[in-house]
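Given next are the chains, with one letter for each unit.
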Amino acid sequence: MGQRLSGGRPCLDVPGRLLPQPPTPPSPVRRKLALLFAMLCVWLYMFLYSCAGSCAAAPGLLMLGSGSRAAHAPPALATVSNGTPSRFPFRALPATALAAGKDMAEGAASQEEQSPEAPDSPSPISSFFSGSGSKQLPQAIIIGVKKGGTRALLEFLRVHPDVRAVGAEPHFFDRSYDKGLAWYRDLMPRTLEGQITMEKTPSYFVTREAPARISAMSKDTKLIVVVRDPVTRAISDYTQTLSKRPDIPTFESLTFKNRSAGLIDTSWSAIQIGIYAKHLELWLRHFPVGQMLFVSGERLISDPAGELGRVQDFLGLKRIITDKHFYFNKTKGFPCLKKAEGSSKPHCLGKTKGRTHPEIDPAVVQRLREFYRPFNLKFYQMTGHDFGWD
């Protein structure tokens, strides 16, 4: 059974199956299955991570209006014949009380501007990749106008994968210019190559220093202005202020310097903002009109995909945002997004959009239309676009 070695010691025979065997290399099929399983785990993790963030946010339906916010759409303004009324029924307020009322109205409006609507939280997937890319100064800015539909436009644009926009209004070129461009750049989201950085601050359009300051940053900056019937815009502006300060004077009393003479008070910001031609003159000293896009606030509601098509062309983007991204909310009377950025739920703007407008004396509405008409016609000529407000 055993044999003797040269040293005289016996050696037992050991079966080959008891000796250590070299490991069998994994077959190609097993390697592929392992790789597939790893990819599945990563995908499942990302899916659950995204769902967790969406469920936590659970955004409700919000309304997308260009002006004010509420559960119902603003009622149509009453109109009267084109004749100019010679006198208006009016209960005069003391001059000091009226001036104080204007100050209150301006203060309330300023307070709301300083506390802009909080931006939507970024999706978990967007947050996951937020560390990539770099922060750039904006290549495009929505510069106006207040209560024209700027928030709606920005939220629509954020659906586009090549648009990255800061949510809150930076107010850099009107309030924080002394903080410097480095501070401004740091507010911007990170972007990848081929993406556009944007911001929106509607008060830029009526800030005298803003055109020169933006031009100094970059003469190639693309500017977008969302405009709206100035009469409706003024009433929406007043409605917003009224929601903050219910004790302010009536719209009618704030509109006139002398109501019996029909003299409009252009020092009131709600009126002044709507003189678009006057403000545009300052911008055209620094930017060619071809570098500005004028978006209709009315068409942004009636045909959002059409207006977004113009905006995407202007920005040099592929037309990705189309009719399939919108649905019309009949209850609210405004279009909404079927799926917002980073969400699988329908989305409209916040509950403070779409406030019901107060009823305004039709004679005052008519007088305002007469006041704005020559400015509107000049604005049409300057922009090469008839917005149909007259």
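Residues numbered from 1 in each chain as written. Predicted model: local features only at pLDDT ≥ 70, side-chain atom pairs only at ≥ 80, totals over all residues. Heavy atoms only, no water.

**Regarding the overall build of the chain**
Here's step 1: The number of helices and strands found in the chain is 14 helices and 13 strands.
Here's step 2: In the chain, buried positions account for 44% of the 390 residues.
Here's step 3: Long-range contacts, defined as pairs at least 24 residues apart, comprise 77% of the intrachain contacts of the chain with a sequence gap of at least 6. (Helix = DSSP H or I, 4+ residues; strand = E, 2+ residues; numbered from the N terminus. Buried < 20%, exposed > 50% of the residue type's maximum accessible area, 1.4 Å probe, protein only. Contact = heavy atoms within 4.5 Å.)

**Considerations on helix α14 (residues 362-383)**
Here's step 1: In this model α14 runs 29 Å from its N-terminal to its C-terminal C-alpha over 22 residues, within 8% of the 32 Å that 1.5 Å per residue would give.
Here's step 2: At R373, α14 is deflected by roughly 40 degrees, the largest bend along its length, and proline P374 occurs up to four residues later in sequence. (Expected span 1.5 Å × (residues − 1). Bend = angle between axes of the 7 residues up to and from the residue.)

**So, unusual backbone geometry**
Here's step 1: Of note, the bond from G144 into V145 is cis; its omega dihedral lies within 30 degrees of zero at -5 degrees.
Here's step 2: Turning to its location among the elements, V145 is positioned in the loop between β4 (140-144) and α4 (150-157).
Here's step 3: Despite not being glycine, K147 shows a phi value in the positive range, around 60 degrees.
Here's step 4: Within the secondary structure, K147 sits in the loop between β4 and α4.

**Considerations on a nonpolar patch on the surface**
Here's step 1: Among the surface-exposed residues, V29, L33 and L36 lie close enough to one another that they form a single nonpolar patch of about 310 Å² accessible area.
Here's step 2: With respect to the element layout, L36 can be found in helix α1 (residues 28-57). (Patch = residues over 30% accessible without salt bridge, like charges linked within 9 Å, V, L, I, M, F, W, Y side chains within 5 Å. Areas by Shrake-Rupley, 256 points an atom, 1.4 Å probe, with all protein chains shown as cover. Salt bridge = Lys/Arg side-chain N within 4 Å of Asp/Glu carboxyl O.)

**Remarks on the nonpolar core**
Here's step 1: The biggest cluster of nonpolar side chains holds 30 residues, and the ones touching the most others in it are I143, F173, Y204, I214, W283 and F379.
Here's step 2: Counting only elements with at least two residues in this core, the list comes to β4, α5 (172-175), α7 (210-217), β8 (222-227), α11 (276-283), β11 (292-296) and α14.
Here's step 3: Core analysis: the next-biggest nonpolar cluster, separate from the first, contains 26 residues, A140, F156, L293 and V295 among them. (Core = buried A, V, L, I, M, F, W, Y, C linked by side-chain atoms within 4.5 Å.)

**Here's the deal with the sheet that holds β4**
Here's step 1: Strand order in the open sheet formed by five strands is β5-β7-β4-β8-β11, and the pairing between neighbours is parallel. Of all the strands in the sheet, the pair left with one neighbour each is β5 (163-165) and β11. Within this sheet the neighbouring strands show an average axis-to-axis angle of 25 degrees, counted without direction.
Here's step 2: With four bridges connecting them, β4 and β8 associate as parallel partners. The residue of β8 that forms the bridge with I142 is I224.
Here's step 3: On top of the sheet, helix α13 (residues 304-314) reaches β8 and β11; it is set at about 170 degrees to β11, its chief contact. (Pairing = 2+ DSSP bridges. Axes fitted to C-alpha atoms, helices over the stretch in contact; angles between N-to-C directions.)

**Points about the packing of aromatic side chains**
Here's step 1: All chains considered together, the criterion is met by 22 aromatic pairs.
Here's step 2: Measuring from centroid to centroid gives 5.0 Å for F387 and W389, while their planes differ by 15 degrees, and the two rings are stacked. For the pair F387 and W389, one class covers both residues: buried.
Here's step 3: Clustering of aromatic rings is evident, with ring pairs tying together F172, F173, Y177, W183, Y184 and Y204.
Here's step 4: The ring of F314 is capped by K222, whose NZ or CZ atom sits 5.5 Å from the centre of that ring. (Phe/Tyr/Trp six-rings, centres within 6.5 Å; stacked < 30°, edge-to-face > 60°. Lys NZ or Arg CZ within 6 Å of the ring centre and 35° of its normal.)

**Structural notes on the UniProt feature "active site" (unreviewed entry) in the chain**
Here's step 1: As annotated in UniProt, the feature "active site" (unreviewed entry) corresponds to K147 in the numbering used here.
Here's step 2: Relative accessible area serves as the criterion here: at 7%, K147 is assigned to the buried category. (UniProt positions renumbered as here; feature names shortened; annotations may be inferred.)

**Considering the pairing of strand β13 (residues 334-337)**
Here's step 1: Burial along β13 is two-sided: F334 and C336 and P335 and L337, pointing in opposite directions, are all buried.
Here's step 2: The pairing of strand β12 (residues 326-329) with β13 spans four bridges and is classified as antiparallel. In the strand pairing of β13, F326 is matched with L337.

**Thoughts on the packing of α4 against α13**
Here's step 1: Interaxial distance between α4 and α13 falls to 11 Å at its minimum, and their mutual angle equals 75 degrees. Classified by the angle between their axes, α4 and α13 sit roughly perpendicular to one another. Between α4 and α13, the contacting residues are L153, F156 and L157 on the first element and P304, L308 and V311 on the second.
Here's step 2: Across the contact of α4 with α13, the residue classes break down as six nonpolar, no polar and no charged. (Parallel < 35°, antiparallel > 145°, perpendicular 65-115°, else oblique. Nonpolar A, V, L, I, M, F, W, Y, C, P; charged D, E, K, R; others polar.)

**Section: the environment of K378**
Here's step 1: Within the secondary structure layout, K378 lies in helix α14.
Here's step 2: Residue K378 is classed as partly exposed on the basis of its relative accessible area, which comes to 37%.
Here's step 3: A C-alpha to C-alpha distance of 6.3 Å links K378 and A277, two positions 101 residues apart in sequence.
Here's step 4: When sequence neighbours within four positions are dropped, the list of residues in contact with K378 reads A277 and E281.

**Examining the confidence of the model for the chain**
Here's step 1: Of all residues in the chain, 66% attain a pLDDT of 70 or more, and the chain-wide mean is 79.
Here's step 2: Confidence over residues 1-12 falls short of pLDDT 50; this stretch has seven contacts with residues more than four positions distant or in other chains. (pLDDT = per-residue confidence, 0-100.)

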